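Chain by chain, the residues:
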Amino acid sequence: MKKILPSTHGLRGELEIPGDKSISHRSIILSALSDSTVEVSNFLAGADCLSTVACMRSLGAKIERFGEKILVTGNGLHNLREPENILDAGNSGTTLRLLMGLLAPQKFLTTFTGDDSLRRRPMARVIQPLTMMGALIFGRNVNRNLPITILPSVKNLRGISYEMPVASAQVKSAILLAGLYADSPTIVIEPAPSRDHTEKMLAAFGVQLERVGNAIKIFPAEKLIAPEKISVPSDISSAAYWLVLATILDGSDVTIKNVGVNETRTGILDVLRDMGATFELLNVRTSGGERAADIRVVSSKLRGVEFGGEMIPRLIDEIPALAVAAAFAEGTTIIRDVGELRVKETDRLAAIVDEFNKISPETFTATDDSLIVRGGREKFFAECKTRADHRMAMSVSIFGAAANGVVLDDDSCVKISYPNFFDVLKN
Ligand code: S3P
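Residues numbered from 1 in each chain as written. Predicted model: local features only at pLDDT ≥ 70, side-chain atom pairs only at ≥ 80, totals over all residues. Heavy atoms only, no water.

Undergrad: Would you explain the domain arrangement of the chain in this entry?
TA: Frequently, the measure chosen for interface size is the accessible area removed from exposure when the parts meet. Examined at the domain level, the chain breaks down into domain 1 (2-19 + 233-426) and domain 2 (21-230). The C-alpha-based centres of domain 1 and domain 2 are spaced at 28 Å. The partner domain 2 presents 26 residues to the 26 residues of domain 1 that form the contact. When domain 1 packs against domain 2, close to 2200 Å² is buried across both sides, 49% of that on carbon and sulfur atoms. Taking the shortest distance from any N to any O, the salt bridge between aspartate 317 and arginine 195 comes out at 3.3 Å. Applying the counting criterion to the domain 1 and domain 2 interface returns 13 residue pairs in polar contact (both at pLDDT 80 or more). By residue class, the composition of the side of domain 1 that touches domain 2 is eight nonpolar, eight polar and ten charged. (Domains from an automatic or database assignment. Contact = heavy atoms within 4.5 Å. Buried area = accessible area lost by both parts, 1.4 Å probe. Salt bridge = Lys/Arg side-chain N within 4 Å of Asp/Glu carboxyl O. Polar contact = N/O pair within 3.5 Å; in protein donor to acceptor, adjacent residues only side chain to side chain. Nonpolar A, V, L, I, M, F, W, Y, C, P; charged D, E, K, R; others polar.)

Undergrad: Mind showing me how you'd approach the side chain of serine 370 here?
TA: Mapped onto the secondary structure, serine 370 falls in the loop between strand E20 (364-366) and strand E21 (371-374). Judged by its relative accessible area of 10%, serine 370 falls in the buried class. Not counting residues up to four positions away in its chain, the partners in contact with serine 370 are Ile335, Arg336, Val338, Leu349 and Thr365. (Helix = DSSP H or I, 4+ residues; strand = E, 2+ residues; numbered from the N terminus. Buried < 20%, exposed > 50% of the residue type's maximum accessible area, 1.4 Å probe, protein only.)

Undergrad: How do you make sense of the site of the ligand when you look at a structure like this?
TA: Taken together, Lys21, Ser22, Arg26, Thr94, Arg97, Ser168, Ala169, Gln170, Arg195, Ile316, Asp317 and Lys344 form the complete shell of residues around the ligand. Contact distances for the ligand include 2.6 Å between an oxygen atom and a side-chain N or O atom of arginine 26. With the chains in place, 94% of the 380 Å² that the ligand exposes on its own is no longer accessible. Looking at the shell around the ligand element by element, the count peaks at three residues for helix H1 (residues 21-32). (Near = heavy atom within 4 Å. Areas by Shrake-Rupley, 256 points an atom, 1.4 Å probe, with all protein chains shown as cover.)

Undergrad: Help me understand the environment of leucine 151 in this model?
TA: With respect to the element layout, leucine 151 can be found in the loop between strand E9 (145-150) and strand E10 (161-163). Assessed through its relative accessible area of 27%, leucine 151 is described here as partly exposed. Along the sequence, leucine 151 and leucine 136 sit 15 residues apart, while their C-alpha atoms lie 5.5 Å from each other. Discounting chain neighbours no more than four positions away, the residues touching leucine 151 are Gln106, Phe108, Leu109, Leu136 and Phe138.

Undergrad: Mind showing me how you'd approach the nonpolar core here?
TA: Burial of nonpolar side chains together is a common tendency in soluble globular proteins. In terms of nonpolar packing, the biggest core is built from 76 residues, with Trp242, Leu245, Leu272, Met275, Phe307, Phe356 and Phe421 touching the most fellow members. Sorting elements by how many residues they give to this core places helix H8 (residues 236-248) first, with ten residues. With near-sequence residues (within four places) excluded, leucine 272 lies in contact with Leu243, Ala277, Phe279, Leu322 and Ala325. The next biggest cluster of nonpolar side chains, apart from the first, holds 68 residues, and it includes Val38, Ile70, Met100 and Ala104. (Core = buried A, V, L, I, M, F, W, Y, C linked by side-chain atoms within 4.5 Å.)

Undergrad: When you look at the sheet that holds strand E5 (residues 69-73) in this model, what are you seeing that I'm missing?
TA: What holds strands together in a sheet is hydrogen bonding between their backbones, with the strands either parallel or antiparallel. If you walk across this open sheet you meet the four strands as E4-E5-E3-E14, and the pairing is mixed. The open sheet is flanked by strand E4 (62-66) and strand E14 (229-231), the only strands paired with a single partner. Recorded for the sheet is a direction-independent mean angle of 20° between the axes of neighbouring strands. Across five bridges, the pairing between E4 and E5 is antiparallel. Its bridge partner lying in E5, isoleucine 63 is registered against valine 72. (Pairing = 2+ DSSP bridges. Axes fitted to C-alpha atoms, helices over the stretch in contact; angles between N-to-C directions.)

Here it is, written out as structure tokens:
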């Protein structure tokens, strides 16, 4: 249980936030596929990325931790070791889906499991394209949920051309990783651009990739040539809570340091700007193909906006935080095309409606795939459930802090992506 008190003042000063979750996963996986040692700095030591570390160790990589630096030593792309036990992806869809793509082409058997939430999430979206490539994958029940077993691949996977029905970076990445081992190039076509960290990092590891419009073509590889160091920028999805809270609390002027501002992730900045938020990007720089900047944000009055379509993959994880901003805006916010929120760590559309309305009644309504927020209504102290979803826990916390306080039933889930979130909130 956690009690969040209403904030008595705005956010001021400088904030350091943890490393990017998506890039941390990929830095471990790709480094473990090279045959040299890579130093990863600003790695996010959250539970999800630690699930990836544990899985890659089971596959033979040596991974050592020295504070927030990680040293990863792999055995080479074609030299993964057969795991001695079931691989546990915990709560992490990224770990599971990316590693399914990596392991589908291997000559050994793998079985995956995960926690209650991950065992309910859809995996057919990954199994289907990998099966088209020739992989043999079995899941539980008709939905092909976890536990999932991948049979040893008897011959090389086929390169395919695959049009993805949903914009998902996890599915795209799974296909690209499988494509490294295919007998010919693989093409994956996205309905809208999703985060492109896998493509950027594969290119930094010397893999031949081509992008034309929404199609990405990957060529099979003999080996990965790793950079000596990877510096992970801080996570814009974690920065989102402070961007929103600083905007809605009067008297804020805060600078969030070294935030990853890859174009495929900055939808939150575009929408907040449209809503009337005031911020500036300082010291913009690029490292390993990834853009980073310090973001200075000051309090502003917000107005309701409408968005959907190609914007959604660029801010999919930030919608609960944006819903909080919309509750403080003048007018109505309409967010379309967010059906994917129903299959995240929890059904986030249902969670927003059920839990956020406890703080601001009659504010949030949802359809199958949209969210409507009527801003400016009265806010109350409330007791809310996090549903063991880290992003719901953090969003409801900033909502309570900006309103009249909130009690959360369970706060431990923030360890997934932002272990010291509550310390920072308190300060
Ligand atoms: C992620 C992709 C997104 C996102 C998730 C992280 C990734 O999921 O919601 O938190 O690192 O590739 P989908 O691929 O399901 O859209």
